[in-house]
Amino acid sequence: MYKLYLEKNISSKDLLKKVLEENDIQDKIIYNEYGKPYLENNPLYFNISHSGIYTALVISDAEVGIDIEKIHMPKNALLHVCNEEEKRLIKSVEDFTIMWVKKESYVKYLGIGISYGLKNVDTTKIKDFVLKKVGNYYISIYGKNLK
Amino acid sequence: MKEEIISIIAEVLEIPKENINEKTNLVKDLDVESLDLVDLVAAFEDKYDIEILDKDIKNLQTVGDIIKYIEKKHV
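The structure reproduced in this document is the subject of the present report. Since we're looking at a predicted model, the values are computed, not measured.

### Describing the interface of chain A and chain B
The interface of chain A with chain B comprises 19 residues on the first partner and 17 residues on the second. Counting each side, the surface lost to burial between chain A and chain B is near 1,400 Å², with a carbon and sulfur contribution of 57%. Per-residue buried area on chain A facing chain B is highest for Asn76(A), His80(A) and Ile114(A); these three make up 41% of the total on that side. Of all the secondary structure elements, the ones that give two or more residues to the side of chain A that touches chain B are strand E4 (45-51), helix H2 (77-81) and helix H4 (93-110) of chain A. Residues that form the side of chain A that touches chain B fall into these classes: seven nonpolar, eight polar and four charged.

### Points about the sheet that holds strand E8 (residues 137-143) of chain A
Residues and elements named next belong to chain A. Spatial strand order, E6-E8-E7: three strands in an open sheet with antiparallel pairing. Where the open sheet ends on each side, the last strands, each with one partner, are strand E6 (64-70) and strand E7 (130-134). Within the sheet, the average angular offset between the axes of one strand and its neighbour, ignoring direction, is 15°. The pairing of E7 with E8 spans five bridges and is classified as antiparallel. Each residue of the ladder has a partner; that of Lys133, found in E8, is Tyr138. Contacts from H4 reach E6, E7 and E8, with the element oriented near 150° to E6.

### What about the nonpolar core?
Within the largest apolar cluster, 39 residues are counted, with the highest numbers of intra-cluster contacts made by Ile9(B), Phe44(B) and Ile66(B). Considering each element in turn, this core owes the most residues, eight residues, to helix H3 (residues 34-48) of chain B. In terms of nonpolar packing, the next biggest core, distinct from the first, is built from 13 residues, Val19(A), Leu20(A), Leu39(A) and Ile48(A) among them.

### Describing the packing of aromatic side chains
Residue and element names in this part refer to chain A. For the structure on display, the rule yields eight aromatic pairs over all chains. Considering the side-chain rings of Tyr54 and Tyr137, the 4.8 Å spacing of their centres and the 85° angle between planes classify their relative orientation as edge-to-face. A residue pair is termed long-range when its members are at least 10 positions apart, and Tyr54 in strand E5 (residues 54-60) and Tyr137 in strand E8 qualify at 83 residues. Both residues of the pair, Tyr54 and Tyr137, belong to the buried class. Relative to Tyr109, the ring of Tyr106 has its centre 5.9 Å away and its plane inclined at 40°; by these criteria the two rings are tilted.

### Quick notes on the sheet that holds strand E1 (residues 2-8) of chain A
Residue and element names in this part refer to chain A. Taken together, the three strands give an open sheet; going across it, the order is E1-E5-E4, and neighbouring strands pair in antiparallel fashion. Looking at the sheet topology across the chains shown, the edges are occupied by E1 and E4. Within the sheet, the average angular offset between the axes of one strand and its neighbour, ignoring direction, is 15°. Inspection of the sheet shows E1 paired to E5 by seven bridges, in the antiparallel sense.

### Thoughts on H3(B)
Three- or four-residue spacings in an α-helix give side chains the same orientation, since the helix completes a turn every 3.6 residues. The first and last C-alpha atoms of H3(B) sit 21 Å apart over 15 residues, in line with the 21 Å expected at 1.5 Å per residue. Counting buried residues in H3(B) gives eleven out of 15 residues, a clear majority hidden from the surface.

Rules behind the numbers
- Residues numbered from 1 in each chain as written.
- Chains lettered and ligands numbered in written order.
- Predicted model: local features only at pLDDT ≥ 70, side-chain atom pairs only at ≥ 80, totals over all residues.
- Heavy atoms only, no water.
- Contact = heavy atoms within 4.5 Å.
- Buried area = accessible area lost by both parts, 1.4 Å probe.
- Helix = DSSP H or I, 4+ residues; strand = E, 2+ residues; numbered from the N terminus.
- Nonpolar A, V, L, I, M, F, W, Y, C, P; charged D, E, K, R; others polar.
- Pairing = 2+ DSSP bridges.
- Axes fitted to C-alpha atoms, helices over the stretch in contact; angles between N-to-C directions.
- Core = buried A, V, L, I, M, F, W, Y, C linked by side-chain atoms within 4.5 Å.
- Buried < 20%, exposed > 50% of the residue type's maximum accessible area, 1.4 Å probe, protein only.
- Phe/Tyr/Trp six-rings, centres within 6.5 Å; stacked < 30°, edge-to-face > 60°.
- Expected span 1.5 Å × (residues − 1).

Given below as structure tokens:
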């Protein structure tokens, strides 16, 4: 189970506050050693991402990671981020953005972030990403049994 | 090397280099998001022929941190 909240022109902190209020959750936010936030006592998981005008927040009953990114491809990043197979498959800026949000949502799901190693996330093998396109943005959500 | 690194940051992030000094915090002062940060890392790797490990990126918070890190790697 998951629920996605997507809003324009709101900070991550304010969207989280709003969603917690809507779901009647009053709980302290705690962080793991890599900075991933959790609710201290509530069994609900959440994750937040921000890009340009959008802030995206996902809540789930299991570990979850989310990333939103405006469609673009910085000129240097490809070499640092992609393995050889991914480089071969990327034919457009959209392809790159999709691969990036998948990698980010996966390392955020793990709770480790970029420190995990972006090349270690092989998007040609890992399945079950929930991918959405909103205007010029892509959103990827990763978690187990997302429905 | 310090001036060169600041010039690369300015070019990659498309901001005036006058806005950058050693104390500048990439996320807090320049709103750098993770993809831009990785792009910057890739630019340094290419320029200085070094490898910047993803696990080190979280420690590169200020421009001063980047300068120290690259100076140490680029011997």
